[in-house]
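# Geometric and topological summary
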Amino acid sequence: MTDDTTDADGDALDPDEVVERHENQLDDLLAEVDEPTPAEDDSTTLELAGLELSRRDFVKAGAATGAMAGLAGCSGNIGGGSNNTTSSPSGSSTPDHKVAPGEHDEYYGFWSGGQSGEIRVIGIPSMRELMRVPVFNTEAGRGYGYDDQTTEMLEEAGDLTWGDNHHPVLSETDGDYDGEYLWVNDKANGRIARVNLKYFETDAITNVPNTQAIHGCSVQSPDTGYVFGNGEFRTPLPNDGRDLDNPDEYVSLFSAIDPETMETEWQVKVDGNLDIVDTDKDGRWAISSAYNDEGGVTVSEMTRDDRDFVKAFDVPAIEEAVEAGEYEEVNGVPVVDGTQDSSLNQGDSPIVRYIPTPKSPHCVEVGPNGDYAFVAGKLSPTVTIIDIDALDSSSDPEDVVAGRPKVGLGPLHTTFDGNGHAYTSLFIDSQAVKWDIEAAVEAEQGSTDPVIEKQDVHYNPGHIQAVEAMTTDPDGEWLVSLNKLSKDRFLPVGPIHPDNDQLIHIGQGEKEMELVADHPAYPEPHDCVFAHRDKLDPATTWDKSDYEGEKEFVTQENSRVERTGERSVDVKTSSMRSEYGLKDFTVKEGDEVTLTVTNIEGVRDVIHGVAIPDHDVHLSIAPQDTREATFTADEPGVYWIYCTYFCSALHLEMRSRMLVEPRDD
Ligand code: RUQ
Ligand code: CUA
C-alpha cells in the first residue's frame, strides 16, 4: 500500500504537507459519511448508524470498519496488513478495573499536572484521584504557599506563582523504585522540584542556572546518581543582554543535578533544542531527543533540514572533563562544550554522540532491559530504535540505529509491558499502537510488519504509560493514555473542556488492548509514572525528629507569647481536639507576628487547621507536625482564630482570639 507520509526512500515529506493531507482526508470522509450512501455491507451501516459524526468519533468509526479504514488511507496500517488488527472486545469480558469501596488500588499513579503546576496522585486501576501535591503552585487546602516554610521555598525558587510540570520521575535503587522521592520539571521556568514521598510534600525546588525551560527530566539509573534536566530553549550563555539577536550564539544545556542537595553539578552545551531524556539502566548514557539542530528561530528555519540529532551523553566522560577542568564556569556552574564542533567531541570517544533521526522527533524512552532507546518520529511515522551497546562500539552514528518500524501517524511516546512489546501513542491517528521490539529490529527500516495491534483512543494522545514501565521489570497489566486537545466527550462545562485520561487493559502484554475506562481530568494531565503500592511507605503522622532544630514542637504547657522586638512578636501554641494551647493572645497594631502551631495529636487522621480572618493565614497541620505563618497585625480589633478541619464534635468551638491593641505612639 502506498504511503502518503514518505517519499520513495522512506524519508519523511514536509510535515505541513503530511498533516494537511491527512486533515483533508478526514474532511472528505466526514463529508461522505454525512451523506448516507447505500451500504455495501449491513454490518457497516449498523456500526455507523449510532454514531454522532464528529471528528472525535470518526477515527473510531474508521477503525471499526474495514471499508472506512480503507477509505481513510490515513495510516498505512489500518486495515492494511494481515497482522495489523484493530482491537475489538469481540465478546471478551471487560477486565475489571473497579476497586470495591474500602479496598486499595494496586498502584500509585503520579500525574504531572501541566499548567496547574501540581502533582496528582491517582490510584490504578480505579483511576480515583487520591491526593494533589502542590509543587510550583500555591494551594490553600494544604496550606502550601501559606506557611512560612513553603512560602520561603517558593520565593527562593524565583517567587513565581505557577509552573508547567511535565515529567514526574521516581527515585531508584538497583533499578527499581525505592519510594523515597519524585522529581518533576517546570518547563515554564527552568526549575526542578522534589516531592518527599514519606509525606507526599514538595521539599525542594531548584532554579537551574543558565536555563530557561527544563523539559525532559529523568533520574540516572540504577541508583539515582543524578537528576537530569534538559534545557529546551536556546539562549545566549550567560543570558545577560549579550547576543540578543544573534541566534548562532544561543545554546541549550543538559544539566546534572545532585538529587540530595539539588545543586546543579555541571552542564553540557549542545546544538539543537533538547527535548526529553532517559538513561540506560547502568547510568552510563543519558539519551536526549532533540530538534532544531538547524539552530533556527522560526518554524521554517527549525524544520529546514531532513535530519535532527539525538544526543547521547557519556556521563563518565563528561565527569572526567569536569574533573580535568575542561569547562567554562557560568553563574557558578561548570559548563562543558558538547557542541558538534567541540574538541571534546572529536575522535573515537566523544563526550556527546550525535545520532541522526528523521527531523523533529519527540521523546525518548529506554526499554526495560536497557538494550534500546526509542525515539518517536512525531513528523515521521516511525520510531527510531537506538542500540545502546553500539554507542560505545561503533564510530559510525548510523550504525547505532537498530531499527525504524513504521507505526502510524504522529508517534509521540512509547511505553513497555516487559514482554517484548512497545506501545506508542499516535497523536494524529488518535491511537495506541502495540508492536514487537525484536521484530522491528529484524525488519527492514520503514516496515509495518512489527505492528501487532492498534487501539483507538479519543482526542489526540500524548504520553502513554504502562504500569512500572520505566523499571527493569514492568508489570504490564494496565496502560494509561493521556489525551490532549480536549473536545466534547463529557458533559459540557463551558468552552474549556475536561481533558481525558483513558485506561487500557493490556494483560501482561499477551492480551488484546482494551479500553476500559475514561476519566475527565483537569488541564493538563501531561505525563504519569506508576509504582506498585508495596514500594511506598508513606508516614501516617509526622516524625518530629525530621524537623528538629528547624521548628519547635510546641506543647500545651509551653504555649506562649514572646515579644522579640519593638514591632515583632512570636506566638507559639499547640492544637488538639478541641482547643488551642492559647485561648487568646495579645499583640500590638503593626506587629509582625510569627505564629507557630504544633498539632500534638498522637493518632493518625486528625488534622487541625488555623485560619485568621482578614490576615490571609491558613495552616494545615498533620499530627505531630509544626507549621509557622508570619503576618502583620495591622488593624486593631478582635480576630477569631478557628480550626478549618472538622476534627471533632467540638470542632466549631475550637477557637482562639487574637487581640490587636491600638498602638498609641
Ligand atoms: S513531552 S511537550 Cu512530555 Cu511529549 Cu513535554
Ligand atoms: Cu481542630 Cu477542627
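Within each chain, residues carry numbers counting from 1 in the order of the written sequence. The order in which chains are written sets their letters, starting at A; the order in which ligands are written sets their numbers, starting at 1. Selection of residues for local features in this predicted model requires a pLDDT of at least 70, selection of side-chain atom pairs for listing and counting requires 80 or more, and totals for whole chains, interfaces and linings are taken over all residues. Hydrogens and waters are ignored; side-chain quantities use all the structure's heavy atoms.

Per an unreviewed UniProt entry, the chain goes by Nitrous-oxide reductase and derives from Halobacterium hubeiense. UniProt positions are given in the numbering used here, feature names are shortened, and annotations may be inferred rather than shown by experiment. Word for word, the UniProt comment on the chain under Subcellular location (unreviewed entry) is "Periplasm". Regarding the chain, the UniProt comment filed under Catalytic activity (unreviewed entry) reads as follows: "N2 + 2 Fe(III)-[cytochrome c] + H2O = nitrous oxide + 2 Fe(II)-[cytochrome c] + 2 H(+)".

## A look at the overall build of the chain
Each helix is a run of DSSP H or I of at least 4 residues and each strand a run of E of at least 2, with the numbering of both proceeding from the N terminus. Looking only at helices and strands, the chain has nine helices and 41 strands in total. Counting all 665 residues of the chain, 57% fall into the buried class. We call two residues contacting when some pair of their heavy atoms lies within 4.5 Å. If you take every contact in the chain between residues at least 6 apart in sequence, the share linking residues at least 24 apart comes to 59%. With residues, only the protein chains shown are counted as cover, and all accessible areas are computed by Shrake-Rupley using a 1.4 Å probe. Accessible surface computed for the chain: about 27,400 Å², of which carbon and sulfur atoms make up 46%. Only protein chains enter the accessibility calculation, which uses a 1.4 Å probe; a residue whose area is less than 20% of its type maximum is buried, one above 50% is exposed, and one in between is partly exposed.

## What about the sheet that holds strand β2 (residues 107-112)?
Backbone-to-backbone hydrogen bonds join strands into a sheet, with any given pair of strands oriented parallel or antiparallel. Ordered in space as β4-β3-β2-β31, the four strands form an open sheet in which the pairing is antiparallel. In the strand order of this sheet, the two ends are held by β4 (129-134) and β31 (528-532), each with one partner. Across the sheet, the mean angle separating the axes of adjacent strands is 20 degrees when strand polarity is ignored. Here five bridges tie β2 to β31, and the two strands are oriented antiparallel to one another. Among the inter-strand pairings, F110 is bridged to a residue of β31, identified as V529. Whether two strands pair comes down to DSSP finding at least two bridges between them. All axes are obtained by fitting lines to C-alpha atoms, using only the stretch in contact for helices, and the reported angles, taken between N-to-C directions, cover 0 to 180 degrees.

## Things to note about empty space enclosed by the protein
Of the two site types, the cavity is a set of points on a 1 Å grid over the protein atoms alone where a 1.4 Å probe fits but cannot get out, and the pocket is an open set with protein on both sides within 12 Å along at least five of seven lines, each lined by residues with an atom within 4 Å of a point. Grid points are joined across faces, edges and corners, and a volume is the space filled by probe spheres set on the points. In the structure shown here, the tally under the stated rule is six cavities of 30 Å³ or more. Within this model, the largest cavity holds a volume of roughly 300 Å³. Together, 27 residues line the largest cavity, and P168, V169, C217, D278 and M470 are the ones closest to its centre. Breaking the lining of the largest cavity down by element, the ones donating at least two residues are β5 (169-173), β9 (214-219), β13 (273-279), β19 (362-366), β23 (411-416), β27 (461-466) and β31. If you tally residues by element for the lining of the largest cavity, the top one is β13, at four residues.

## Some points on unusual backbone geometry
A negative phi holds for most residues other than glycine; trans holds for most peptide bonds. The omega torsion of the bond from L237 to P238 falls at -10 degrees, within 30 degrees of zero and hence cis. Within the secondary structure, P238 sits in the loop between β10 (227-231) and β11 (252-257). The peptide bond linking R577 to S578 adopts the cis configuration, its omega dihedral lying at -5 degrees. Relative to the helices and strands, S578 is located in the loop between β33 (568-576) and β34 (579-580). Within the chain, F200 stands out as a residue other than glycine whose phi angle is a positive 55 degrees. Along the chain, F200 falls in the loop between β7 (191-196) and β8 (201-207). Despite not being glycine, E468 has its phi angle at roughly 55 degrees, a positive value.

## A closer look at the pattern of salt bridges
For this analysis, a salt bridge means a side-chain nitrogen from Lys or Arg found within 4 Å of a carboxyl oxygen belonging to Asp or Glu. According to the stated counting rule, one finds 35 salt bridges in the structure shown. Its salt-bridge partner being R489, residue D518 comes within 2.3 Å of it at the nearest N-O pair. Of this pair, D518 sits in strand β30 (residues 514-521) while R489 is found in the loop between β28 (478-483) and β29 (499-505), placing the two residues 29 residues apart along the sequence. Owing to a relative accessible area of 23%, D518 belongs among the partly exposed residues under this scheme. Measuring nitrogen to oxygen at the nearest pair gives 3.4 Å for the salt bridge that ties E566 to R663. Placement of the pair is E566 in the loop between β32 (560-565) and β33 and R663 in the segment after β41 (655-661), with a sequence separation of 97 residues. Since its relative accessible area comes to 58%, E566 is described here as exposed. Residues joined in a network through salt bridges with shared partners are R142, D147, E201, K551, D625 and R627.

## Concerning the layout of surface pockets
Empty space within the largest pocket amounts to approximately 1,000 Å³. As for the largest pocket, its lining consists of 32 residues, of which M131, Y199, F200, P538 and A539 are closest to the centre. Counting residues per element, the ones that place at least two in the lining of the largest pocket are β2, β3 (118-124), β4 and β38 (617-621). Looking at the lining of the largest pocket residue by residue, the class counts come to 15 nonpolar, six polar and eleven charged. Where a domain begins and ends is set by an automatic assignment or by a domain database. For the lining of the largest pocket, the two domains that each supply at least three residues are domain 2 (107-535) and domain 3 (547-661). The space that makes up the second largest pocket amounts to roughly 580 Å³. Contributions of two or more residues to the lining of the second largest pocket are made by α5 (148-156), β7 and β8. Residue classes follow a fixed rule: Ala, Val, Leu, Ile, Met, Phe, Trp, Tyr, Cys and Pro count as nonpolar, while Asp, Glu, Lys and Arg count as charged, and any other residue, Gly among them, counts as polar.

## With respect to the site of ligand 1
One heavy atom within 4 Å of a molecule or strand makes the whole residue count as near it. In the region of ligand 1, the neighbouring residues are H166, H167, H215, I276, H362, H413, H463 and H526. By residue class, the composition of the shell around ligand 1 is one nonpolar, seven polar and no charged.

## Concerning the pairing of strand β14 (residues 285-291)
Counting buried residues in β14 gives seven out of seven residues, a clear majority hidden from the surface. By the alternation rule, side chains of β14 split into W285, I287, S289 and Y291 and A286, S288 and A290, which are all buried. Pairing between β13 and β14: five bridges, direction antiparallel. Note on β14: the bridge partner recorded for N273 is Y291. Linkage of β13 to β14, two consecutive antiparallel strands, is achieved through a turn of five residues, within which G283 is found at a positive phi near 80 degrees.

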